[in-house]
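Report on the structure
Below, each chain spelled out in residue letters.
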Amino acid sequence: MSDPNIGRLLSKRYELQEMIGAGAMGKVYRAKDVLLGGVPVAVKFLAVSMENQQLRVQERFEREAKTCALLGQKSIHIVRVMDYGVDENNIPFYVMEYLQGASLSNVIRKQQLPLPRFLSMVRQICLGLQCAHHGIPVDGKIYPIIHRDIKPSNIIVTPERKVK
């Protein structure tokens, strides 16, 4: 069965190309931003069944998008959120930078990591969490963020950049 979202143009801007993930809150698609010349992005939709359940779930999804947007501005170790909206079917979505890589769960399933690589990854994860724990500004006050879903499948490992 093919996914009806593939090839869809969202908000006259994001062309959905393939589903790259699914979870309790919704689905994530790789897309290209046609207004910016085809730049790859990731689009996360709130699950339809959840959207129909309660307005509270939709508000939580919107808060997730806003929180990620603010945190992504503070740390290179947190994915950047660039847009938020509601599609023509009234389903909320947000747009993130597309990270080329694999989930940490896939990486550790396939190979044993050398100690220096492992320590580098742990350090980067901790720096992202530290940034969140330091908080984001809301109405002039700083609110610490506790990530309630830290797990290897929610961490993207990107290829190491070689320094010249």
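Residues numbered from 1 in each chain as written. Predicted model: local features only at pLDDT ≥ 70, side-chain atom pairs only at ≥ 80, totals over all residues. Heavy atoms only, no water.

With respect to the pairing of strand E2 (residues 14–22)
Side chains on a regular strand alternate between the two faces of the sheet. Spelled out, the test is: Any two strands with at least two DSSP bridges between them are considered paired. Working definition: helices are DSSP H or I runs of at least four residues, strands are E runs of at least two. Numbering for both runs from the N terminus.
Examined bridge by bridge, strand E1 (residues 9–10) and E2 share two bridges and lie antiparallel to one another. From the neighbouring strand, Leu 9 faces E2, where its bridge partner is Glu 15. Taking the residues that link successive antiparallel strands as the turn, the E1-E2 hairpin has three residues, and the phi of Ser 11 there is positive, at about 55°. With seven bridges connecting them, E2 and strand E3 (residues 26–33) associate as antiparallel partners. Within the sheet, the bridge partner assigned to Glu 18 lies in E3 and is Arg 30.

Notes on a nonpolar patch on the surface
So the rule is basically this: Patches draw on residues past 30% relative accessible area with no salt bridge. Two like charges within 9 Å are joined, as are two nonpolar side chains (Val, Leu, Ile, Met, Phe, Trp, Tyr) within 5 Å. Where accessible areas are quoted, they stem from the Shrake-Rupley method and a 1.4 Å probe; at the residue level, only the protein chains shown are allowed to cover. One side-chain nitrogen of Lys or Arg within 4 Å of one carboxyl oxygen of Asp or Glu is enough to make a salt bridge. Exposure classes here rest on a 1.4 Å probe applied to the protein chains alone. A residue is buried below 20% of its type maximum, exposed above 50%, and partly exposed in between.
A grouping of Leu 9, Val 34, Leu 35, Leu 36 and Val 39 is seen on the molecular surface, where their side chains present a nonpolar patch of about 440 Å² in accessible area. Along the chain, Val 39 falls in strand E4 (residues 39–46). Residue Val 39 is classed as partly exposed on the basis of its relative accessible area, which comes to 37%.

Examining the layout of surface pockets
Rolled over the atoms, a probe with the dimensions of a water molecule shows which regions are left empty. Operational definition: In this analysis a 1.4 Å probe is tested at points of a 1 Å grid over the protein atoms alone, and where it fits but cannot get out there is a cavity; an open set with protein on both sides within 12 Å along at least five of seven lines is a pocket; lining residues have an atom within 4 Å of a point. Grid points are joined across faces, edges and corners, and a volume is the space filled by probe spheres set on the points.
Looking at the second largest pocket, its volume works out to about 190 Å³. As for the second largest pocket, its lining consists of Asn 5, Arg 8, Gly 26, Lys 27, Tyr 29, Phe 45, Leu 46, Ala 47, Val 48, Asp 87, Asn 89 and Ile 91. Among the secondary structure elements, those contributing two or more residues to the lining of the second largest pocket are E3 and E4. The dominant element in the lining of the second largest pocket, judged by the number of residues it contributes, is E3, at three residues.

Thoughts on the side chain of Asn 5
Definition in use: Here a polar contact is taken to be a pair of N or O atoms separated by no more than 3.5 Å, where protein atoms must pair a possible hydrogen donor with a possible acceptor and residues adjacent in sequence count only if both atoms sit in side chains. Every residue pair with non-hydrogen atoms within 4.5 Å of one another is taken to be in contact.
Following the sequence through the fold, Asn 5 ends up in the segment before E1. Reaching out from Asn 5, the side chain makes a polar contact with the side chain of Tyr 29 at a distance of 3.1 Å. If we skip the residues at most four places from it in the chain, Asn 5 touches Leu 16 and Tyr 29.

Concerning a positive patch on the surface
Here is the rule: We score Asp and Glu as negative and Lys and Arg as positive, and we do not count His or the chain ends. Where a charge sits is defined by one atom per residue type, namely NZ (Lys), CZ (Arg), CG (Asp) or CD (Glu).
A surface patch of positive charge is lined by Arg 56, Arg 60, Arg 63 and Arg 148. Within the secondary structure layout, Arg 56 lies in helix H2 (residues 55–74). Residue classification places Arg 56 among the exposed residues on the basis of a relative accessible area of 62%.

Things to note about the sheet that holds E1
The test is simple: Orientation is described by lines fitted to C-alpha atoms, with helices fitted over the stretch in contact, and by angles between N-to-C directions that extend from 0 to 180 degrees.
Overall, antiparallel pairing links the six strands, which are arranged E1-E2-E3-E4-E6-E5 in an open sheet. The sheet terminates laterally at E1 and strand E5 (81–86), the two strands that pair on one side only. Pairing of E5 with strand E6 (residues 92–97) involves five bridges; the strand directions are antiparallel. Bridging from a neighbouring strand, Val 81 pairs with Met 96 of E6. Each of E4, E5 and E6 is contacted by H2, which is oriented at about 20° to E6, the strand it contacts most.

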